[in-house]
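Read off the chains here:
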Amino acid sequence: MPQRTFSILKPDAVRKGYTGAILAAIDAAGFQIVAIKKQTISKAEAEGFYAVHKSKPFFGELTEYMSSGPLVLMVLEKENAIADLRKLMGATNPANAEAGTIRKRFAESIQENAIHGSDAEETAAYEIGYWFAGYELI
Ligand code: CMP
């Protein structure tokens, strides 16, 4: 059974022109793009999306950063999509990411880390529903 996950190409990656190269890596890894849109989000929208991190010391700067410029929002599908995307992304901190991963290749810091991917089925369902309406996912 194919599984869906949610991903964001973050403002640092989009700003530096890495969108095409990252999409190519996602495509080469066998993901189908179910839905995709480029959008600049508000700080309030970023706060809602990252609500689980509300109590973290980096919450303010994270939501400021995520609303600082256009990003690419995507729903991706394949067998084992959630775990496979996290593997392709690499560690949260690019300094610890394995060679060949998206964060090793394109990210600059633990915050400006190029890409987001859902970490579990429940979060994928929440995140997909947060950014996409049902009619966009047919
Ligand atoms: P993401 O996978 O989108 O989930 C939460 C985000 O918070 C993470 O990627 C980083 O962008 C950011 N983040 C995680 N840890 C830190 C940290 N220690 N300092 C700053 N930002 C962080």
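Reading guide: rules and limits
Residues numbered from 1 in each chain as written. Predicted model: local features only at pLDDT ≥ 70, side-chain atom pairs only at ≥ 80, totals over all residues. Heavy atoms only, no water. Core = buried A, V, L, I, M, F, W, Y, C linked by side-chain atoms within 4.5 Å. Buried < 20%, exposed > 50% of the residue type's maximum accessible area, 1.4 Å probe, protein only. Helix = DSSP H or I, 4+ residues; strand = E, 2+ residues; numbered from the N terminus. Contact = heavy atoms within 4.5 Å. Pairing = 2+ DSSP bridges. Axes fitted to C-alpha atoms, helices over the stretch in contact; angles between N-to-C directions.

*Asks:* Can you break down the nonpolar core residue by residue, with the values?
*Replies:* Core analysis: the biggest nonpolar cluster contains 19 residues, and Leu-9, Ile-22, Ile-26, Phe-31, Ile-102 and Ile-115 have the highest contact counts within it. It is helix H5 (residues 81–89) that contributes the most residues to this core, four residues altogether. If near-sequence neighbours (up to four positions away) are discounted, Ile-22 is found in contact with Leu-9, Ala-13, Ile-102, Phe-106 and Ile-115. Counting 18 residues, the second-largest nonpolar core is a separate cluster that includes Phe-6, Ile-8, Ile-41 and Ile-128.

*Asks:* If you had to explain the environment of His-53 to someone new, which residues and values would you point to?
*Replies:* Structurally, His-53 can be placed in the loop between helix H3 (43–49) and helix H4 (59–66). For the pair His-53 and Lys-78, spaced 25 residues apart in sequence, the C-alpha separation works out to 27 Å. Residues contacting His-53, with those up to four places away along its chain left out, are Phe-58 and Phe-59.

*Asks:* Now, about the sheet that holds strand E1 (residues 3–9): what can you tell me, with residues and values included?
*Replies:* One open sheet accounts for four strands, arranged E2-E3-E1-E4; its pairing is antiparallel. The sheet is open, and its two edges are formed by strand E2 (32–39) and strand E4 (115–117), each paired on a single side. Adjacent strand axes in the sheet meet at a mean angle of 15° when their direction is disregarded. With seven bridges connecting them, E2 and strand E3 (residues 71–78) associate as antiparallel partners. Note that in E3 the partner of Lys-37 across the bridge is Leu-73. Strands in contact with helix H7 (residues 121–131) are E1, E2, E3 and E4; relative to E1, the strand with the most contacts, it is inclined by about 60°.

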